[in-house]
Amino acid sequence: MRQRDGDGKTTGTNDSPDVRGDKEESDVPFDPDATGVIPKLTFEPSAEEGSKAAGEPPKSGDEGAADAEETTAIRLPIPLTSDAEPGAEDGKAAASGASSADEEVAGTQPMKIAAAPKIADAPETADAKTQKAPTGQAPAGGGTAASATAPGTAAPGAATASTTAPGTAAPGAATASTTAPGTAAPDAAAASPAASGGAGHATSAGGASPAQAGPTGAGGGPGSAAGAGGARSLAELVQPMTAPGQAPGGVAVQSPPMSPPMGQPGRPFQQQAAPAQQGQRKPSGLKARIGALIASAPKWLPVVLVLEGLVMYILALKVPPGPMRGVDPADIDGLGLISALPATAFIAILIMIVSFFVTVSQSTDRKFLLLFQIAAITFALHGAGALVAEQPRFPTAYIHAGFVEFIGRTGDTAINIDARMGWPGFFALFAFVTKAAGISDMTPILQWTPLLSNLLYLLPFVLILRQVVATTRARWFAALLFILVQWIGQDYFSPQGFTFALYLAFVAILLRWFGRVEPRTKPIPPKGLRKWIGKLDAMTPGELANTGTFRADKLLMLLMLIALFLASVASHQITPFMMLGVLTAFLLFKRTTLTWALPFFLGLMVLAWISYMTVGFWASQIDTIFGGLGNIVQNLRSNTGDRIEGTDPAHAIVLQARLGILAVILGCAAAGLFRRLRRGVFDRSALILLCVPVLALALQSYGGEIGLRIYMFALPGACLLAAYAFFPNLPADSADVRDETVPLRKRNVRFNPQLTRKISLVLAACFAVMFAMAFLVARYGNEKFERVTTGEVAALHYVYEHDKPSARVIYLVPKEGPEVTPSMPWGERDIERVSFAEQALVFKDPTRIDKAVAKLKSQPRNSYLMVSRAQVSYLQLNEGFPDDWGERFRAALDKSPDIKRVFANEDAALYTWKKFVRGTEIPEPLPYEGRGDPTSPWTPVGIAALAVTWVALFSYEIIRLNGPNRAPRARKRLLFLAIPSFVIAFGVIIERFIYIAANN
């Protein structure tokens, strides 16, 4: 059975588990069309009941309530009607009468419908008496059954509710069944003239006047909705699907005349129905085919639109530049790539977004089509850089490729060369993959990683959306928002992009396999803050509880959680703390079935990695790790104000657009949270996912990028809450199954639910288009200096070819400092030989080259000063350098008597000494193996305590998976072992930080 959710969308499946909490999955029959909680449907008394009640004395309150509660339980199989021929078993089932209504059918859902009134049997006609039902057909007689009468049947007689196979009937019983379009429908109050109390008998279809067919019962004329209070009877809701002139066993009988349709008096309805029915069965002619094609447009139109938009977008970006097509890199200015995109690219994006909302507005949940449409929009937005760029964009991706190349070539890490090698998990993984696959050129991987990363993010995020109590439109719109506002640019080939996918998978597993939703049983305090907290706690949870999961599945998912966390610990500095914060918040707000043993287990893992595995990084610079703790204002300042001040006016629009997207998405999230609270829903998990990343501001500035990382990790919760701003209703399988979930306080004027749904859909589409256009500005606004050209790559390849035994590359900066990274594709190869640690100070006056020349002369032989297009563009956009600064600066360097140009093309130039002092040699590269990691006296004790603590806490968590009351004594003993060992291990970690930092 299919029903509608809070947005009027028909859903055939439910994301909530269909298994009760006290049963395993194998104890419950599988139902592929189950939708969760099926609402009980109880109809009002029929017209006949109303007419009987009119002549009886009024009943007492108890008797009247008893009659109102009298229902008949039926089960509707899926599908309701069948085109298959009935067999012998079907005939027996139809003959069983009322007993067939209570028969248990696997894969069906019980419903309650008001029992049809009992009506006296009508006298049989002479023709009907001579007919005999063949073998396998239902015999003539009374009885009640729940039925859908297929075409080619007739149902005269007393009131029934039975399931009748095609080609069969229940003579002598007025059926409550479905009427096929274009066939004769019985009276609204009864299934036949005889049943309604009239004088009609079986006559020829065309030989009776309309007056002869009019029933005289209390139900009124044909087609009228008669009955006390205007209530509809069962026969109105379930009409027989019959074909004219067909009786049980396929024998032609005389049908009672029906009232003529409106506008054609005196013409029986059945005579008009037959030609119409034949026309529906066999459509002919071009006009009929066009009409059928237009009628089926909701099915094929979204597919055509998304494919058209996708092909149109690819052609708009890949064809040679011309009117309304192609991208010329020379047109890219301070606004970024959007200034060079043709108008057809924007039209293509608009078409794909429109196709998405056309699909979302339909009454069915087309999951695969919606997922494909979101993937197409992802390709258009996040794949634009790969379609336009001649080389992989974003210079920092090249140094990460250099780390992979170094590990694959030497099999070792080099934390002395770069601190990022202290977290080598990501680089070691790709070094293994590329070496095993025989990949020597990582250019295609670097080129398409941003697109593949965002497609990968969708998978766990969709799983997260399946665990929330929301309508289908809210879920899919949240997935679309997640793509449209993901402008951070951390999806390139980097540990951050990789571990963000691990973070989403970590959260998805927590919600899906370890989710916990328990209703509040304690009374709400009468006053104070505890009263408001109690009200929030008593609201409807915004998440689905996990029920019916096998213990083996939970154990496997627990191991998966630990593996994901360990991979993040070994690959990135911030992501493990985000995972740990979310897990701790879920425990505090009672949204997970796990225990407090797991966060202590995982937290000790993070501290142990930093203390034991990255000692070569922090031994001599302990302030780098702990210097920013608690300095929230300075950390925030380095991420916002410092990035906006002193920039080019056009480029300032890009930075302000990023802040604008942040403000709008947070505003929508606040509105969504408010609208859900007004409907009595408290979304704790979404609020946790939004708020926990903000706590990272208290850690450190992370090189001025902690604000960007916070925005990235807060997006899942923000997008989900923002979708609720447009679609806050509850789904139909929740406790409230109305079309619109009204607020708790009904003071405001309520509008038509159909109108509000349409307005919400239009507003959501407008916001989606706005976010898509703003994304192109925010994401590709730095394209002028983040774009890498073939000339820049060729210049650095020249350095790699002349880096024996070592080489140095000096890059241009407006101010010297450790947080300024080169705007060039640096470190792609030979990271242990080529150093990029030196900076040359430059000024807005391009003729002032004295600082740059002095820096080059102070370096040993085989050092190169590099001037590249990306460096010049960065200085122009962020520091206000003149437009012709690059050409004039290179001309001044060419005229210098102290240096010479050894490599030059349109995009880059290399300069080195013109004359070398006799006796100077190229120095050997710096050693990367180091002299060994320093240690402390208590280190062996700390390692042993770590092992004992991990074993004890992990065993405790495994026992707890079997139930809260399982093996209490064993768990208590494990706690007695874990607590002191944890204290010792944590103390040794602190001792190592103090001792090693003091001696290095």
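To be clear, the structure that these remarks concern was listed above.
Note that the structure is a prediction, hence the values are computed from the model and not measured. (Residues numbered from 1 in each chain as written. Predicted model: local features only at pLDDT ≥ 70, side-chain atom pairs only at ≥ 80, totals over all residues. Heavy atoms only, no water.)

**Thoughts on the packing of helix α18 (residues 551-569) against helix α20 (residues 597-613)**
- Relative orientation of the contacting elements α18 and α20 amounts to 25 degrees, with a least axis distance of 10 Å. As far as their axial angle goes, α20 and α18 are roughly parallel. Handedness of the α18/α20 crossing: right-handed. For the pair formed by α18 and α20, the contact residues are Leu-558, Ile-562, Phe-565, Leu-566 and Val-569 on the first element and Leu-598, Phe-601, Leu-602, Met-605, Val-606 and Trp-609 on the second. (Axes fitted to C-alpha atoms, helices over the stretch in contact; angles between N-to-C directions. Helix = DSSP H or I, 4+ residues; strand = E, 2+ residues; numbered from the N terminus. Parallel < 35°, antiparallel > 145°, perpendicular 65-115°, else oblique. Left-handed = near helix turned anticlockwise from the far one by under 90°. Contact = heavy atoms within 4.5 Å.)

**Notes on the packing of aromatic side chains**
- For the structure on display, the rule yields 34 aromatic pairs.
- Ring centres of Phe-357 and Phe-477 lie 6.0 Å apart, and the angle between their planes is 55 degrees; on these two criteria the pair is classed as tilted. Taken together, the residues span a long stretch of sequence, with Phe-357 in helix α9 (residues 343-360) and Phe-477 in helix α15 (residues 472-484) at a distance of 120 residues.
- Using a relative accessible area of 7% as the deciding quantity, one classes Phe-357 as buried.
- Looking at Phe-477, the relative accessible area reads 1%, which means it is buried.
- With 5.0 Å between their ring centres and 90 degrees between their planes, Tyr-503 and Phe-713 make a pair best called edge-to-face. Taken together, the residues Tyr-503 in helix α16 (residues 495-514) and Phe-713 in helix α27 (residues 706-724) connect sequence positions 210 residues apart. Considered together, Tyr-503 and Phe-713 belong to a single accessibility category, that of buried residues.
- Connected via pairs of aromatic rings, a cluster forms that spans Phe-356, Phe-357, Phe-477, Phe-726, Phe-727, Phe-767 and Phe-771.
- The cationic tip of Arg-676 hangs over the ring face of Tyr-724; the distance from NZ or CZ to the ring centre is 3.9 Å.
- For the cation-ring pair, Arg-848 lies above Phe-843, with the distance from its terminal atom to the ring centre recorded as 3.6 Å. (Phe/Tyr/Trp six-rings, centres within 6.5 Å; stacked < 30°, edge-to-face > 60°. Buried < 20%, exposed > 50% of the residue type's maximum accessible area, 1.4 Å probe, protein only. Lys NZ or Arg CZ within 6 Å of the ring centre and 35° of its normal.)

**Digging into the pattern of salt bridges**
- Overall, the coordinates contain 19 salt bridges when judged by the stated rule.
- The partner of Arg-591 in a salt bridge is Glu-543, and the shortest N-O contact between them spans 2.7 Å. Residue Arg-591 is found in the loop between α19 (575-588) and α20, and its partner Glu-543 is found in the loop between β7 (540-541) and α18; the two are separated by 48 residues along the sequence.
- A relative accessible area of 5% means that Arg-591 is categorised as buried.
- Among the ionic pairs, Asp-894 bridges to Arg-901, the shortest N-O distance being 3.3 Å.
- By relative accessible area, which is 37% here, Asp-894 ends up partly exposed. (Salt bridge = Lys/Arg side-chain N within 4 Å of Asp/Glu carboxyl O.)

**As for the sheet that holds strand β12 (residues 899-904)**
- The strand order across the open sheet built from five strands is β10-β9-β11-β13-β12, with neighbouring strands paired in mixed fashion. Strands at the two margins of the open sheet, each flanked by one partner only, are β10 (834-841) and β12. For this sheet, the mean angle separating the axes of adjacent strands, direction not counted, is 35 degrees.
- Judged from the five bridges that link them, β12 and strand β13 (residues 908-913) form a sheet pairing that is antiparallel. Of the residues in β13, the one forming a bridge with Lys-900 is Thr-912.
- Of the strands in this sheet, β9 (807-813), β10, β11 (863-868), β12 and β13 touch helix α31 (residues 850-857), which is tilted by about 150 degrees from β10.
- Against the sheet, helix α32 (residues 869-879) makes contact with β9 and β11, and its axis sits at roughly 60 degrees relative to β11, the strand it touches most. (Pairing = 2+ DSSP bridges.)

**Let's talk about the environment of Asn-729**
- With respect to the helices and strands, Asn-729 occurs in the loop between α27 and α28 (753-779).
- Taking the C-alpha atoms as reference, Asn-729 lies 8.6 Å from Ala-474; in sequence the two are 255 residues apart.
- A distance of 3.4 Å separates polar atoms of two side chains, one belonging to Asn-729 and the other to Arg-679. (Polar contact = N/O pair within 3.5 Å; in protein donor to acceptor, adjacent residues only side chain to side chain.)

**Things to note about α19**
- Between its first and last C-alpha atoms α19 spans 20 Å; for 14 residues at 1.5 Å apiece the expected length is 20 Å, and the two agree.
- In terms of burial, α19 is largely enclosed, as ten of its 14 residues are buried.
- Within α19, burial applies to Thr-575, Pro-576, Met-578, Met-579, Leu-580, Val-582, Leu-583, Ala-585, Phe-586 and Leu-587.
- Looking at the buried side of α19, the elements it contacts are α16, α18, α20, α26 (684-691) and α27.
- Positioned one or two residues after α19, Lys-590 has a phi angle of 55 degrees, which is positive. (Expected span 1.5 Å × (residues − 1).)

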